[in-house]
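The residues making up each chain are set out below.
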Amino acid sequence: MLARLDRATRAAVPAASIAALLLVSLVPWIGDRAAPALAVTAVHYWAGRRPDLVPAPYVFAVGLTHDSVADAPFGLMALAYLFVLGAARSQRFLVVGQPFAVGWAVFAVIAFTANVIIWTGASLYYSAMLPIGAPVAVLLLTVLTYPAVAGGLAVLDAAALKRRA
């Protein structure tokens, strides 16, 4: 019984970290300035390392939560998070066994594409081309914080998921 509970708790680590990083990035900790999309980094990390523990319905729910809290067009962030999930899963072969810089570059391309999806979707929703300053700032912050966030998730991965009970 305890072994099953331990396995379930460990399996919940990716979902919990994605939710926690979403909350951290949505809290107005730097005023109304751009904040990095930490949940995007977490979805990418876990989809590449432990895709079995990051189901698409959960990622969709995280995206809808993001839409609700951030007052974004409903479903737009869910679409972006699902894109990141699918892209990270399909591009695993590019980063497995490669230096960290390769994984970082792949993440940057995926994050850029997700930002284009978000900007295009929001522009279509509001029937106007939105300014690109804020999305570019979010993208830069997200890509620049990737090493720290991925490093923290790697420590969490090693401590919680790879340890044998």
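The coordinates are above.
Residue numbers restart at each chain and count upward from 1, following the sequence in its written direction. Only residues with pLDDT of at least 70 are given local features in this predicted model, and only at 80 or more are side-chain atom pairs given and counted; all residues enter the totals for whole chains, interfaces and linings. The side-chain quantities take in all heavy atoms of the structure and omit both hydrogens and water.

Novice: When you look at the overall build of the chain in this model, what are you seeing that I'm missing?
Specialist: Helix and strand content of the chain: eight helices and one strand. Helix and strand assignments follow DSSP, with helices taken as H or I runs no shorter than four residues and strands as E runs no shorter than two, numbered in order from the N terminus. When the helices and strands of the chain are placed in sequence order, the string is α-α-β-α-α-α-α-α-α. A radius of gyration in this sense is built from C-alpha atoms; the matching globule rule multiplies 2.2 Å by the number of residues raised to 0.38. Here the C-alpha radius of gyration of the chain, 16 Å, is about what a compact globule of 165 residues would show, namely 15 Å. Along the first, second and third principal axes, the C-alpha atoms of the chain reach 55 × 35 × 30 Å. For every residue, the accessible area obtained with a 1.4 Å probe (protein chains only) is divided by the maximum for its type, and the residue is called buried under 20%, exposed over 50%, and partly exposed between those limits. Considering the chain as a whole, with its 165 residues, one finds that 36% of them fall into the buried category. In what follows, a contact means two residues having at least one pair of non-hydrogen atoms within 4.5 Å. Look at the contacts in the chain between residues 6 or more apart in sequence, and 71% of them connect residues 24 or more apart. Total accessible area on the chain is roughly 9000 Å²; 72% of this is exposed by carbon and sulfur atoms. Taking the 11 positively charged and 6 negatively charged side chains of the chain as two groups, their mean positions are separated by 15 Å. Note on areas: these come from Shrake-Rupley sampling with a 1.4 Å probe, and a residue is covered only by the protein chains present in the view. For the purpose of counting charges, residues Lys and Arg are taken to be positive, whereas Asp and Glu are taken to be negative. His and the chain ends are not included. Each charge is placed at NZ for Lys, CZ for Arg, CG for Asp and CD for Glu.

Novice: Help me out: how do you make sense of a nonpolar patch on the surface in this one?
Specialist: Excluding any residue in a salt bridge, patches collect residues exceeding 30% relative accessible area, merging like charges within 9 Å and nonpolar Val, Leu, Ile, Met, Phe, Trp and Tyr side chains within 5 Å. The rule for a salt bridge is simple: a side-chain nitrogen of Lys or Arg has to be within 4 Å of a carboxyl oxygen of Asp or Glu. A surface patch of nonpolar side chains, about 390 Å² in accessible area, is lined by Ile132, Val136, Leu140 and Leu144. Relative to the elements of secondary structure, Ile132 occurs in the loop between helix H7 (100-126) and helix H8 (133-161). Residue classification places Ile132 among the exposed positions, given a relative accessible area of 52%.

Novice: Explain the pattern of salt bridges here, please?
Specialist: For side chains of opposite charge, pairing can occur when their charged atoms come near one another. Evaluated as defined, the whole model comprises one salt bridge. We note a salt bridge from Asp52 to Arg50, for which the minimum N-O separation is 3.5 Å. Owing to a relative accessible area of 22%, Arg50 belongs among the partly exposed residues under this scheme.

Novice: Before we go on, may I ask you to explain unusual backbone geometry in this structure?
Specialist: In most cases, non-glycine residues show a negative phi, while peptide bonds are predominantly trans. Although it is not a glycine, Asp71 sits at a positive phi angle of roughly 55°. Residue placement: Asp71 occurs in the loop between helix H4 (56-70) and helix H5 (76-90). At Ser127, a residue that is not glycine, the phi angle is positive and equals roughly 55°. Relative to the elements of secondary structure, Ser127 occurs in the loop between H7 and H8.

Novice: In this structure, what is going on with the nonpolar core? I would like to understand it.
Specialist: Generally speaking, a soluble globular protein has its nonpolar side chains buried in company with each other. Note on terminology: a nonpolar core comprises buried Ala, Val, Leu, Ile, Met, Phe, Trp, Tyr and Cys residues joined through side-chain atoms within 4.5 Å. In terms of nonpolar packing, the biggest core is built from 34 residues, with Ile18, Val43, Trp46, Tyr81 and Leu153 touching the most fellow members. Among the secondary structure elements, those contributing two or more residues to this core are helix H2 (13-26), helix H3 (38-49), H4, H5, H7 and H8. The biggest single contributor to this core is H3, with eight residues. Setting aside residues up to four positions removed in sequence, Leu153 forms contacts with Ser17, Leu21, Ala42, Tyr45 and Trp46.

Novice: Would you mind going over the side chain of Arg10 with me for this structure?
Specialist: Relative to the assigned elements, Arg10 resides in helix H1 (residues 2-11). Since its relative accessible area comes to 11%, Arg10 is described here as buried. Whenever a nitrogen or oxygen atom comes within 3.5 Å of another N or O atom, the pair is scored as a polar contact, on the condition that within protein one atom can donate a hydrogen and the other can accept it, and that pairs from neighbouring residues in sequence are kept only if both atoms are in side chains. Looking at Arg10, its side chain comes within polar contact range of the main-chain oxygen of Ala160, at 2.6 Å.

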